[in-house]
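Structural features, examined
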Amino acid sequence: MRYTGGEALWECLVREGVDIVWAYPGGAALPLFDALGKYPQIRHVLVRHEQAAAHAADGYARATGKVGVCVATSGPGATNLVTGIATAMLDSVPVVAITAQVADSVIGTDAFQEINITGITLPITKHNYLVRESKDLVRAVREAFFLAGTGRPGPVLVDLPKDILTKPCDFHYPERISRPGYRPVVRSAPYQIQRAAQAIADAKCPVVLAGHGVHVAKAWEQLRCFAERINAPVVSTLLGLSALSADHPLCLGMAGMHGVAWANLAVQNADLLIAMGMRMDDRFTGSLPHFAPQAKLLHVDIDPAEIGKRVPAQIPMVGDVRFVLEALTATVPELDHRDWLAQTETWRGRHPLEVHAQGPLPPQEVVRALYQATNGEGVVVSDVGQHQMWVAQHYRFRRLNSFFTSGGLGTMGYSLPAALGVQAGHPTEPVWVVVGDGSFQMNLQELATVTQERLPIKIVLMDNGYLGMVRQWQELFHGARYIGTPISGPDFVQLAGSYGIPARRVTATAELPAAFAEARETDGPFLLDCKVEQDENVYPMVQPGTSNTDFVEDPRGRAQEK
Amino acid sequence: MRHVLVALVQDEPGMLARMGNLFARRGYNVESFTAGASELPGVTRITIVVEGSSVALDQIAKQFRKLVGAFKVADVTADTDQLSHEMLLVKVAVNAKTRQEVVSLADLFKARIVDVSSTTLMLEATGEPDKLDKFLEVLRPFGVKEQARTGAVFMSRGAKILNQRPGSASDRKYLAE
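The rules behind the values
- Residues numbered from 1 in each chain as written.
- Chains lettered and ligands numbered in written order.
- Predicted model: local features only at pLDDT ≥ 70, side-chain atom pairs only at ≥ 80, totals over all residues.
- Helix = DSSP H or I, 4+ residues; strand = E, 2+ residues; numbered from the N terminus.
- Rg over C-alpha atoms; globule rule 2.2 N^0.38 Å.
- Buried ≥ 20, exposed ≤ 12 C-beta atoms within 10 Å, placed from the backbone.
- Contact = placed C-beta atoms within 7 Å.
- Nonpolar A, V, L, I, M, F, W, Y, C, P; charged D, E, K, R; others polar.
- Domains from an automatic or database assignment.
- Core = buried A, V, L, I, M, F, W, Y, C linked by C-beta atoms within 7 Å.
- Pairing = 2+ DSSP bridges.

**Topic: the overall build of chain B**
Looking only at helices and strands, chain B features five helices and nine strands. For chain B, the succession of helices and strands along the chain, N to C, is β-α-β-β-α-β-β-α-β-β-α-β-β-α. Over its C-alpha atoms chain B spans a radius of gyration of 20 Å, topping by over 25% the 16 Å that the globule rule assigns to 177 residues. Projected onto its principal axes, the C-alpha coordinates of chain B cover approximately 75 × 35 × 30 Å. Looking at chain B residue by residue over its 177 residues, the buried ones come to 26%. The long-range share in chain B, meaning contacts at least 24 apart out of those at least 6 apart in sequence, stands at 75%.

Right under this line is the structure:
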């Protein structure tokens, strides 16, 4: 069968099961968009900025486990994808980015809208391709999907010169691909399972650490069975939240810089950490010399480069989290750690997560009201900053894989565009976006996309007139000199209105239940402009360079002994 | 500490940049980098000599292995039973008085005379990098006009081979899963 290069691309995408792409056209991409007209089975969402296309593909991939696809033209179209691609790279999200390129004959001449996007994205993609001959197009796209979605997932970019898109292209879709040397280890060796099982059986105070890998491997059920089998508490990373229902008696929530006290104390006092698909990020470990000083580390990850990268692992295990959890559950005896669990509950009782904020609308109450309104079963996308940490702390995720945020890169502006993709993965229910006024203003052009696609995205704007997390650091570490952090904005209710999105301003805690009810019950999108307290800080907080045991609690709370 | 990495990589565009990026992002300066055809068709053998901490080099080697198209990456620094050879071309200034002295030094270092002019001699020498350093040292008083070194290539002695055959059965097995 003969197609043009542009048609061949869509043929590939159809075969990969792609039914939606987030895209923005341009000169070099014209043949690609022209061909798209012949593929009504692929829904095309026109975003308002290419960065949003990349975040949307990322959100879709996180919500569904499928590869998300974004498309941009050459030059500025391609460079606008960069932040989104880097976000996906840092959080191991399978995204295929298709970029058009200037014609092959003028590559390297600084032609109009030419940029070396494979060069630019080299360090932020799992792999990338510049297709210089028609015969390589199909294989490159096939490989891109294969690489993005297997092993440790990640973004893959395919750059397609304009003339390749118009020229005829022999189409033969390979059933199988072989990438010599690319061989992710999925199944850990039996002796490793035995050794790990022995360490687990010997431990007195084990803690399971659930990272993003649990979601990637879709190992929620396996995590629960394993934790129940060994009766060990489960602590999450930021991206590991919602890997186990917050209602589960073994679920302790998030540890780390803004983790809850009892989770940090459990990790710090553990004698065995069973790390599942996480990378010991600095925001999680705090000061490395002080991190979990008595603990042995059993580190499971599909990426061998993550094991021992920051914390030496006494029991390293390369493998897929789901496989390892199943194998361990089948191997370890049923264990009883009731004293240890009682200890973690004591810590929970001593250091409860309470709201001590004064004033009419503490931001934490907004998150609590969202939790109430959704019964903890909402699909939540959070942006980056203080509000993100309050969501992580105060929203109790009762539903699996229901929390999406930029963890590794900490990309402000992520939430609204990512929600476009999350919504595509959850078409029949609202998606809740929690966003600060700083983050919102980074990508609020996507309100137009929300309206155009009639998406029931409910935006909970935590509007405090500050870049709050940076302001908090200025208050604590820079003599309260608030330079560059006060931020103004438009009248967000009017702004939403001009996009045809109903909105409501909230200024007091008492208004929250009715406001959330209105947001939930209104068909289509809704914006809640919550005018929260301006100078709230996120507590507890582990100050940079200190031990996770030395978390600072809200000074307004009761002074408690640790 | 000086480390030596040996790798087998697919011969394709961008591979060099990907490898270079592993060092550049850490601000490492690669001492020598050699690339050439290996015994496997379409596979390039790379030898990299670089100064750095063992922890960092271990991480670089792990990231290197993750590059799509890298089949085998080994830090052979600790491998004592190996050959590390490089080639040197050097153009030395000579005159009627000094020519014979340079020729006999070349003899001593088993270097070949590959080009002769009235004022210069071009010598070709191979061997351990240290030996070539010494050779250059004794030539320097005569006037080293130009020198070019290839950087070292490494190979283990005995039956040990670096190659782990690419495209193995387990590759296909993974894909089928």
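**Looking at the interface of chain A and chain B**
Contacts between the two partners involve 19 residues from chain A and, on the opposite side, 22 residues from chain B. Within the side of chain A that touches chain B, the residues separate by chemical class into ten nonpolar, five polar and four charged.

**Describing the environment of V460(A)**
Residues and elements named next belong to chain A. Looking at where V460 falls in the secondary structure, it is placed in strand 18 (residues 457–463). The spatial distance from the C-alpha of V460 to the C-alpha of V367 is 9.0 Å, given a sequence separation of 93 residues. Apart from the residues within four sequence positions on either side, V460 is in contact with V366, L370, W432, V433, V434, L528 and C530.

**Concerning the environment of H248(A)**
All names here are of chain A. Following the sequence through the fold, H248 ends up in the loop between strand 10 (234–236) and strand 11 (251–254). Assessed through the 15 C-beta atoms surrounding it within 10 Å, H248 is described here as partly exposed. On a C-alpha basis, the gap between H248 and A219 in space is 16 Å, while along the polypeptide they are 29 residues apart.

**A few points about unusual backbone geometry**
All names here are of chain A. The residue after Y539, namely P540, is reached through a cis peptide bond having omega -5 degrees. Tracing the backbone shows P540 in the segment after strand 20 (526–531). Notably, D110 is not glycine yet its phi reads approximately 55 degrees, a positive angle. Tracing the sequence through the fold places D110 in the loop between strand 5 (95–101) and helix 6 (117–120). For D110, a count of 10 C-beta atoms within 10 Å corresponds to the exposed category. Positive phi, normally seen in glycine, also occurs at R454, with a value near 50 degrees. Since 11 C-beta atoms lie within 10 Å of it, R454 is described here as exposed.

**Here we look at the domain arrangement of chain A**
Residues and elements named next belong to chain A. With domains assigned, chain A is organised as domain 1 (2–170), domain 2 (190–350) and domain 3 (363–531). Computed over C-alpha atoms only, the centres of domain 2 and domain 3 are separated by 30 Å. Contacts between the two partners involve twelve residues from domain 2, matched on the other side by 14 residues from domain 3. Residue composition of the side of domain 2 that touches domain 3, grouped by class: seven nonpolar, four polar and one charged.

**Thoughts on helix 11 (residues 220–230) of chain A**
Residues and elements named next belong to chain A. Buried within helix 11 we find Q222, L223, R224, F226, A227 and I230. Where the residues of helix 11 are buried, they touch helix 9 (190–202), strand 9 (206–210), helix 10 (212–216), strand 10, strand 12 (272–276) and helix 14 (321–331). Phi turns positive one or two residues past the end of helix 11, at N231, with a value near 50 degrees.

**Overview of the domain arrangement of chain B**
Residue and element names in this part refer to chain B. What the domain assignment reports for chain B is domain 1 (2–78) and domain 2 (82–154). Computed over C-alpha atoms only, the centres of domain 1 and domain 2 are separated by 29 Å. On the domain 2 side, the residues contacting the eight residues of domain 1 number six residues. Sorting the residues of the side of domain 1 that touches domain 2 by element identifies strand 1 (2–10), strand 2 (30–37) and strand 3 (43–51) as the ones contributing at least two each. For the side of domain 1 that touches domain 2, the leading source of residues is strand 2, giving three residues. Taken together, the residues of the side of domain 1 that touches domain 2 break down into five nonpolar, three polar and no charged.

**Some points on the environment of E453(A)**
Within the secondary structure layout, E453(A) lies in helix 20 (residues 447–453). For the pair E453(A) and V47(A), spaced 406 residues apart in sequence, the C-alpha to C-alpha distance is 10.0 Å.

**A look at the nonpolar core**
In globular proteins that are soluble, nonpolar side chains generally tend to be buried together. The biggest cluster of nonpolar side chains holds 213 residues, and the ones touching the most others in it are A53(A), C70(A), V95(A), L273(A) and M276(A). Other than its neighbours up to four places away in sequence, L273(A) contacts V207(A), L209(A), V267(A), A292(A), A295(A), L297(A) and L298(A). By size, the runner-up hydrophobic cluster in this structure holds 13 residues, among which are L88(B), V94(B), A106(B) and L121(B).

**Quick look at the pairing of strand 1 of chain B**
Residues and elements named next belong to chain B. Of all nine residues in strand 1, seven are buried, a share of seventy percent or more. One ladder, built from nine bridges, connects strand 1 with strand 3; its direction is antiparallel. Considered in strand 3, the bridge of V9 is made with T44. With five bridges joining them, strand 1 and strand 4 (residues 70–75) adopt antiparallel strand pairing. Residue pairing in the sheet places L5 in a bridge with D75 of strand 4.

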